[in-house]
Amino acid sequence: MADLTPTPDRPGLHVSKPSPNAPATGSAVCRCGATATATGDNQVRALVEGYTANHGSAHGRTGR
């Protein structure tokens, strides 16, 4: 399986939850240079919400 972890060369968002009882983990890298990681379902949910609202494709919507 390919490594799906985002990098500066391949920006994006990656979330993993290997089983229902395991905590989620997430990482994000944006074209603007911002990076973030999170562990735990609530923290990963906040990471995803923040990334989608302020990074990734949001840069195209706001012209940043």
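Reading the values: rules and limits
- Residues numbered from 1 in each chain as written.
- Predicted model: local features only at pLDDT ≥ 70, side-chain atom pairs only at ≥ 80, totals over all residues.
- Heavy atoms only, no water.
- Helix = DSSP H or I, 4+ residues; strand = E, 2+ residues; numbered from the N terminus.
- Contact = heavy atoms within 4.5 Å.
- Areas by Shrake-Rupley, 256 points an atom, 1.4 Å probe, with all protein chains shown as cover.
- Core = buried A, V, L, I, M, F, W, Y, C linked by side-chain atoms within 4.5 Å.
- Buried < 20%, exposed > 50% of the residue type's maximum accessible area, 1.4 Å probe, protein only.

(A) Local environment of the overall build of the protein chain. A count of helical and extended segments in the protein chain gives two helices and three strands. For the protein chain, the sequential pattern of α-helices and β-strands runs β-β-β-α-α. Long-range contacts, defined as pairs at least 24 residues apart, comprise 16% of the intrachain contacts of the protein chain with a sequence gap of at least 6. Counting only carbon and sulfur atoms, one obtains 54% of the accessible surface of the protein chain, whose full area is about 4400 Å².

(B) Geometry of the side chain of serine 27. Within the fold, serine 27 resides in strand E2 (residues 25-29). Once residues within four sequence positions are removed from consideration, serine 27 is found in contact with Thr5, Pro6, Gly12, Leu13, His14, Ala36, Thr37 and Leu47.

(C) Spotlight on the nonpolar core. Membership of the largest hydrophobic core is limited to seven residues, which are Ala24, Ala28, Cys30, Ala38, Val44, Leu47 and Tyr51. Among the elements that make up this core, the one with the highest residue count is helix H1 (residues 41-54) (three residues). Not counting residues up to four positions away in its chain, the partners in contact with cysteine 30 are Pro11, Tyr51, His55, Gly56 and His59.

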